[in-house]
Structure formats: C-alpha cells, structure tokens
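As a plain string of letters, each chain reads:
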Amino acid sequence: MSEPLLAVDDLTVTIGGVPVVDGVGFSMGHREVLALVGESGCGKSLTAMALLRLLPSAARLSAGAIRLDSRDLASLSEKEMRRIRGEAISIIFQEPTASLDPLATVGSQIVEAYRTHRAASYAQARQVAREMLDAVGIPDAERRLDQYPFELSGGMCQRIMIAIALICGPSLLVADEPTTALDVTIQAQILDLMRKLVAERGASILIITHDMGVVADIADRVAVMYAGRIVEIAPAEDLFREPRHPYTALLLASVPRLDVKPKAILATIEGSVPSLQDFGPACRFAGRCPLAVARCLETSPPLVELGTGHAAACWRSVDVPSLSETGP
C-alpha cells in the first residue's frame, strides 16, 4: 500500500487549556476527496486551520502530528510553513469576497501568490495567472485580470480563490465551506470544477462542510466530527447506506429526500453542540442521542474499526442504522 498524502494523528487544539479539537486522526490518499462534516461549532474549521498552522491567537496546537508527504508540519517553524503554504497545501476560505483584497486587482493578487513561490517576472506570472483563470472557467481572462473583486460575481470570486490556491500546484487543497455563499446553480458548477481539478491536476481535496448534499456529490470518504472529535469515518457510499453513529444517522435523516414520501415535519436534531465547559467523561453526543444508555453517560467510546475503512465511536453502533430511516 502506498504512503498516504496526509496523515493526521492525535491532533489537539486547545483554547484556554480546553481541547476544542481533541485527539483527531485521519489520513488522505493521493487524488482523494475527503469530506469533514458536522454542525457549526464542532471544530471542522479549526482542524483545517491547524493543518496550515493558521490558528487564531487564542488557540494553540498542543499535541499531534500532521504529516504531508512525510513532512511533519506541526514541527516546522513559521518561516518553513510560509514556504509550504501555497506550495504544497492551499486553502479556499468560506467567503471569497471577504478573502480577496477589494483594493487590489484580481491579476495582482494571483501574480503575488505565484511569485511568492516561483522565480518569475511579473509578465511571466501574469501569463500563468491568465492560464489559471482559463483553467477555472472564467471567460475573457485577460480583461478579468485588471478588474477588482467588487466588479465580479460571488461565483467568479470563488473561482479566483481556487485559481490562487492552485497556481503553484499544491498536492492538497483545503476547501472550507466553498459553496456556502453561492446559489444552487453556481454551487454545482464549483463542485464540477473541483472534481475536474482532482482528475486533471492530481490534487487531493479536504472539503469542510455541513451540507450532506455536497458530500454525496463529491466525496470519496467522509469523516463526521462532533464536539471536537471524529465520531465516524467511512467511504461515502457505506456511510450513506449504513451509518453507524447516531449523530451521522440523524444528520442524514434531517436531509430532505426526493425518493421517499415527505414527512409532515422535517426531522431535526434536538439540542445543540455542548460548550467547552460541558465536556466531561461521557459521550459528548449522549445528551442529544435517542439511543443513549447509562454507559454512554459514564464513558466516552473510542473510535473502533467496524469494517473495511469504516469506524465509529459509539457503544450502540449496531443499533444505529434504523435512525437514518426513522429520524429523531
């Protein structure tokens, strides 16, 4: 078996000494799309930021290894990480219009990203930038280079963010909710573009999302995150067919479906993600779980392999699949 492109082991991020990302581990292969899913506040974006060592000032990477092509990113200095970002690992942020500089032209921002990592003249970098805009499906690329972000649509700005992220040919692209601010039609176009990039450029994608429709559309594997921990990880087809953690099953039950008779009331998950102060020895989902028993309130279950590539952290994983059909 070939070595994984990315291997994350026991990743722990703390705020005020409290682990908000708690012992997270997963791996990614080459040319793979892995979706990291869960509600807001579960630690998905903090996990992504930790991979690039871009954590907010209040957060600290306190433990764990992040190996990208066998390099441990967690042990690198900030100077070394600046060479890695954009070169080997890039990120597409959630809101493109907030990520692009409104006072700089599109071309200057793409050129800057390229020249940071490549010895190239401005003219050479501009030529590469124009080619990248063509690659991400922006028409009339030469003219767009001289426009400002506020002159472009949200969909075009997201394509520009993708162009900036990919211009130096990174092996891993982290996409943090890349379609949240887009309408359904543009969302589909962006997902098609990302699939094309995997096929043509060989990049792997870690996509952060709460949208199970996006997951079904693009992911090869899925890691479900709840309250700072991975609670289930599986090939996408297996996870949708037979979820083995109650949280996953209830997420799926909450998605409207066209192939079944609609319910009078859309299923929801009662309650909310616990705050840091509420983390204790119990399963963190126990307070919202319809399958919880006394053991769940006493001890948090470990992530256990249940089949080929399918693991879940639940004392009652065998009883879970029916929840995705009945809902909460």
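Note that the structure is predicted; figures quoted are calculated from it, not measured.

**Comments concerning the pattern of salt bridges**
Right, on to step 1. Summed over all chains, the structure comprises 16 salt bridges.
Right, on to step 2. One salt bridge connects Arg118 with Glu87, and the closest N-O pair in it is separated by 2.6 Å. Of this pair, Arg118 sits in the loop between α4 (106–117) and α5 (122–135) while Glu87 sits in the loop between α2 (78–84) and β6 (89–92), and the two are 31 residues apart along the sequence.
Right, on to step 3. By sharing partners, the salt bridges in this structure join Arg126, Arg130, Glu142 and Asp146 into a single network.

**Notes on the packing of aromatic side chains**
Right, on to step 1. Under the defined criterion, the tally for this structure stands at four aromatic pairs.
Right, on to step 2. With centroids separated by 5.7 Å and ring planes inclined at 10°, the aromatic side chains of Tyr148 and Phe150 adopt a geometry described as stacked.
Right, on to step 3. Take Tyr148: its relative accessible area is 30%, and that puts it in the partly exposed class.
Right, on to step 4. Judged by relative accessible area, which is 63%, Phe150 ranks as exposed.
Right, on to step 5. Each member of the aromatic cluster is reached from another via a ring pair, and the members are Tyr226, Tyr247 and Phe285.

**A look at the layout of surface pockets**
Right, on to step 1. Approximately 520 Å³ is the volume attributed to the largest pocket.
Right, on to step 2. Lining of the largest pocket is provided by 21 residues; of these, Gly86, Ile91, Phe93, Ala113 and Ile164 occupy positions nearest its centre.
Right, on to step 3. Mapped onto the lining of the largest pocket, the elements with two or more residues apiece are β6, α4 and α7 (154–166).
Right, on to step 4. Per element, the largest residue contribution to the lining of the largest pocket is five residues, and it comes from α4.
Right, on to step 5. Classifying every residue of the lining of the largest pocket gives twelve nonpolar, six polar and three charged.

**Some points on empty space enclosed by the protein**
Right, on to step 1. Summed over the entire model, instances satisfying the criterion amount to one cavity of 30 Å³ or more.
Right, on to step 2. Quantified by volume, the largest cavity comes out at close to 80 Å³.
Right, on to step 3. Lining of the largest cavity is provided by 14 residues; of these, Pro246, Cys283, Cys289, Cys296 and Cys314 occupy positions nearest its centre.
Right, on to step 4. Of the residues belonging to the lining of the largest cavity, the class tally is twelve nonpolar, one polar and one charged.

What counts, and where the lines are drawn
- Residues numbered from 1 in each chain as written.
- Predicted model: local features only at pLDDT ≥ 70, side-chain atom pairs only at ≥ 80, totals over all residues.
- Heavy atoms only, no water.
- Salt bridge = Lys/Arg side-chain N within 4 Å of Asp/Glu carboxyl O.
- Helix = DSSP H or I, 4+ residues; strand = E, 2+ residues; numbered from the N terminus.
- Phe/Tyr/Trp six-rings, centres within 6.5 Å; stacked < 30°, edge-to-face > 60°.
- Buried < 20%, exposed > 50% of the residue type's maximum accessible area, 1.4 Å probe, protein only.
- 1 Å grid on protein atoms, 1.4 Å probe; cavity = no way out; pocket = protein on both sides within 12 Å on 5 of 7 lines; lining within 4 Å.
- Points joined across faces, edges and corners; volume = space filled by probe spheres on them.
- Nonpolar A, V, L, I, M, F, W, Y, C, P; charged D, E, K, R; others polar.

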